Amino acid sequence: MSEIEIKNVSKKYETKDGTVEALKNVSLSIEQGDIYGIIGMSGAGKSTLVRCMNFLEEPTEGQVLIKGRTLGSLSKKELRKQREDIGMIFQHFNLLMQKSVIDNVCFPLYIQGKKKKEARAKALELLEIVGLQDRAKAYPAQLSGGQKQRIAIAGVLAMSPECIVFDEPTAVLTPQEIDELMEIMRSLAAEGKSILFITHKLNEIMAVADRCTVL
Ligand code: ADP
């Protein structure tokens, strides 16, 4: 069974200037441990596809299945729970700038009800995965773009998602940081996470994705 299956999904927006067809009959399936690329120019429908995948946006036609369950059939509560299984990394990292690196990673763990000691131990483990354990006490402003992104990745890993969507993650990174990010994607996939990598750069898809869809 696929981790995520998009079946004949179309999305239309009604605007005052008429109907915008953002997605037209898109089908794809992402298996566990895949690095799946989505490539397309600006306006091709990449963000719409991701929002449909979470049901933040309901497709006009077609189905989204996560592990064989149709999202359209879930209650609001089940849908909220389901969304936690898909972590999101954005171009801008959404960090708490007044908090240290480790406190940024602890934050989602506190929300899950973890006690301080347990949360800090887990956060250090996650920072080790992204190679930032020795910067735990630094503040985001003291770190490079690539390092800030790695804090965000550790924060997303704290939620134990099964799938991680990287939405245009390389835009503000240096070539070396892009290589490091790809290495992290590969090791997460090797551990069984499904990775969805959205970009408009073909060379990045060629370098890291197992399969891809062109929008
Ligand atoms: P991408 O992420 O690839 O840049 P989007 O998914 O943001 O593309 O947009 C795809 C198309 O749908 C574009 O033409 C965009 O203008 C249109 N679109 C996206 N969201 C909306 C919306 N809420 N209302 C109307 N049109 C939209």
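Residues numbered from 1 in each chain as written. Predicted model: local features only at pLDDT ≥ 70, side-chain atom pairs only at ≥ 80, totals over all residues. Heavy atoms only, no water.

Enquirer: What should I look at first to understand the pattern of salt bridges in this one?
Expert: Two side chains with opposite charge may pair up if their charged atoms get near one another. Applying the stated criterion across every chain, the model contains 12 salt bridges. Glu57 is the partner of Arg51 in a salt bridge, and the nearest nitrogen-oxygen pair spans 2.9 Å. Here Arg51 falls in the partly exposed class, since its relative accessible area comes to 31%. Since its relative accessible area comes to 19%, Glu57 is described here as buried. In this structure, the salt-bridge partner of Asp103 is Arg120, at a minimum N-O distance of 3.2 Å. A residue pair is termed long-range when its members are at least 10 positions apart, and Asp103 in helix α3 (residues 101–111) and Arg120 in helix α4 (residues 116–129) qualify at 17 residues. Here the salt bridges do not stand alone but share partners, grouping Glu3, Lys67 and Glu162 into one network. (Salt bridge = Lys/Arg side-chain N within 4 Å of Asp/Glu carboxyl O. Buried < 20%, exposed > 50% of the residue type's maximum accessible area, 1.4 Å probe, protein only. Helix = DSSP H or I, 4+ residues; strand = E, 2+ residues; numbered from the N terminus.)

Enquirer: I tried to follow the site of the ligand on my own but got confused; where do I start?
Expert: In the region of the ligand, 13 residues are neighbours, and Gly43, Gly45, Lys46, Ser47 and Thr48 sit closest. Interatomic distance of 2.7 Å between a backbone N/O atom of Gly43 and an oxygen atom of the ligand. In isolation the ligand exposes 570 Å². Once the protein is present, 63% of that is buried. Looking at the shell around the ligand, the elements that each hand over two or more residues are β1 (4–15), β2 (18–30) and α1 (46–53). Looking at the shell around the ligand, the element that brings in the most residues is α1, giving four residues. Along the lines of polarity and charge, the residues of the shell around the ligand split into five nonpolar, six polar and two charged. (Near = heavy atom within 4 Å. Polar contact = N/O pair within 3.5 Å; in protein donor to acceptor, adjacent residues only side chain to side chain. Areas by Shrake-Rupley, 256 points an atom, 1.4 Å probe, with all protein chains shown as cover. Nonpolar A, V, L, I, M, F, W, Y, C, P; charged D, E, K, R; others polar.)

Enquirer: Looking at this model, I keep getting lost on the packing of α3 against helix α5 (residues 145–157). Mind explaining?
Expert: Between two packed helices, both the angle of their axes relative to each other and the distance between the axes serve to describe the pair. With their axes 8 Å apart at the nearest point, α3 and α5 run at an angle of 25 degrees to one another. For the element pair α3 / α5, the angle class is roughly parallel. Between α3 and α5 lies a crossing whose hand is right-handed. Contacts from Val101, Asn104, Val105 and Pro108 in α3 reach Ile151, Ala154 and Gly155 in α5. (Axes fitted to C-alpha atoms, helices over the stretch in contact; angles between N-to-C directions. Parallel < 35°, antiparallel > 145°, perpendicular 65-115°, else oblique. Left-handed = near helix turned anticlockwise from the far one by under 90°. Contact = heavy atoms within 4.5 Å.)

Enquirer: Help me understand the nonpolar core, please; the structure alone is not making it clear to me.
Expert: Generally speaking, soluble globular proteins have nonpolar side chains that are buried together. Residues Leu127, Ile153, Ile164, Phe166, Met185, Leu188 and Ile195 are the most contacted members of the largest nonpolar core, which totals 41 residues. Of all elements in the fold, only β3 (35–39), α3, α4, α5, β7 (163–167), α6 (175–190), β8 (194–199) and α7 (202–208) reach the threshold of two or more residues within this core. A per-element tally of this core places α6 first, with seven residues. Dropping the residues within four chain positions of it, Ile153 is found in contact with Ile89, Val130, Phe166, Leu181, Ile184 and Leu188. By size, the runner-up hydrophobic cluster in this structure holds 25 residues, among which are Leu49, Ile66, Leu71 and Leu79. (Core = buried A, V, L, I, M, F, W, Y, C linked by side-chain atoms within 4.5 Å.)

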